[in-house]
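Listed here are the chains, written in short residue letters.
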Amino acid sequence: MKTVAFITLGCKVNQYETNAMTQEFIEKGYKVVDHTKKADIYIVNTCTVTNMSDRKSRQMLRRVKELNKEAIVVACGCYAQVAKEEIGNIKEINLVLGNNEKKEIVEYVEKYIKSKNAEKQTIPEVQTEDVMNQKEFVEFGDITFTEKTRAVIKIQDGCDRFCSYCIIPYARGRVRSRNPEHIISEIQKIAKEGIKEVVITGIHIASYGKDFKQEYRLIDLLEEIDTIEGIERIRLGSIEPLLITKEFVSRLEKLSKICHQFHLSLQSGCDETLKRMNRRYTTEQFKEIAKLLRNTFEDAILTTDIIVGFPGESEEEFERTYTFLKEIHFYKMHVFKYSPRKGTKAAVMPNQIDGNKKEERSRTLIELSNKNEKSYNEQYIGKKVEILFEEEKHGIWQGHTKNYILVHYKTEENMENKIITLKCTDAKEEYIVVN
């Protein structure tokens, strides 16, 4: 029996697709082993969202070959899709597959093994289609990526926004939405297995349904999921701020299972910077969106992504961003230092920012984020919260509230996948304590 190991970098969509590839190998008689062990085949599902992602992808591809010099090393995913020439120079790689090729990965690997002549191979074999030509969502079948006690459900692929800093549309292609019947069927099956929470994910889930002939969008899908027996929580992945309209929120408010945590990808708190980024909203619009969510959902928690050091970001622009972020008061901010991506408009923009300046601005925003998180958590002391428990670490059970605050609970009882209500007795920077 041949062995195969997987390394997944990047987002939940990649994790979902790794799970699908894993199932395909298992069905064909392969044994899956941990990627730190010796294996016959290593699959590295790469990410390319930043230069750091590219570097980590290359490191992983080289590292696994050290575990078994005779192994077949396969690079697939986003970095493999957009950097064919660059990745083709890594001698440790045997086979390069794009995103569309993941569905038939076993066939590609077996075909390579049968045809290869290892002694003569000096460069990787590359098999990647142009994702821009892909018109329909690629189904993996009944595959669910389960993250402890929650399931990640991929509902769409691709992005049509073309933000000036982002390479992902070129790695993932245009928007393709998954058949809603297939999504509902998958969630019904996992509900029967006892999974209580689903995370709705994709590359740009706000665009879900825009490629359908019939009028059917994300809110229609959420309303259907809300009726599925056994599912207790529906959590949204990262969403485009402009998805949040009065109509959307008024319908969302009626769904009892929706988690009131909203990850709105802001990127900058300065209108001039947002314009250069090709983001399609203003800070004033974003402020109204935040206000709408908080007025509708009393316990709403807002999180976001922020890029510092974008080309042309002056001290004044950064100060505007900082002031805006203090005003919005996010629960948590994921801060990224701008990383030039070859092939994007921002990579050739003038006034690129010095690395030390990016580091300084990043530290400033992370400090603000940590302060916000602790102040939010302290507001829950003395209040009762509903928790879905996930795992036990060192005698402490960990779970999340419905608005996604991390909870610690010391008990000897097995709490896995249980939903209970307890009182918050203490608050730390990253979690609250219940009793």
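Before reading on, note that the structure itself is shown above.
A short tour of the structure in this document, coming up. (Residues numbered from 1 in each chain as written. Predicted model: local features only at pLDDT ≥ 70, side-chain atom pairs only at ≥ 80, totals over all residues. Heavy atoms only, no water.)

What follows is about the pairing of strand E3 (residues 41-46). A large share of E3 lies buried, amounting to six of its six residues. Burial of the side chains of E3 extends over both faces: Ile41, Ile43 and Asn45 are buried on one face and Tyr42, Val44 and Thr46 on the other. Across five bridges, strand E1 (residues 3-8) lies against E3 in parallel orientation. In the strand pairing of E3, Ala5 is matched with Tyr42. Sheet topology note: the E3/strand E4 (residues 72-77) ladder contains six bridges and is parallel. Residue Ile43 lies in a different strand from E4, and its bridge partner there is Val74. Once the chain exits E3 it traverses helix H2 (residues 51-67) before rejoining the sheet at E4, and the crossover so formed is right-handed. (Buried < 20%, exposed > 50% of the residue type's maximum accessible area, 1.4 Å probe, protein only. Helix = DSSP H or I, 4+ residues; strand = E, 2+ residues; numbered from the N terminus. Pairing = 2+ DSSP bridges. Right-handed = clockwise from strand over helix to strand, strands pointing away.)

This part covers H2. The end-to-end C-alpha separation of H2 is 25 Å, in line with the 24 Å expected for 17 residues at 1.5 Å each. The complete set of buried residues in H2 reads Ser53, Asp54, Ser57, Met60, Leu61, Val64 and Lys65. Projected down its long axis, H2 carries its buried residues within an arc of 130°, all on one side. Of the exposed residues in H2, the ones pointing more than 90 degrees away from its buried face are Met52 and Glu66. The distance from a side-chain oxygen at the start of H2 to the backbone nitrogen of Met52 is 3.3 Å, and the residue carrying that oxygen is Thr50. (Expected span 1.5 Å × (residues − 1). Arc of directions from axis to C-beta. Polar contact = N/O pair within 3.5 Å; in protein donor to acceptor, adjacent residues only side chain to side chain.)

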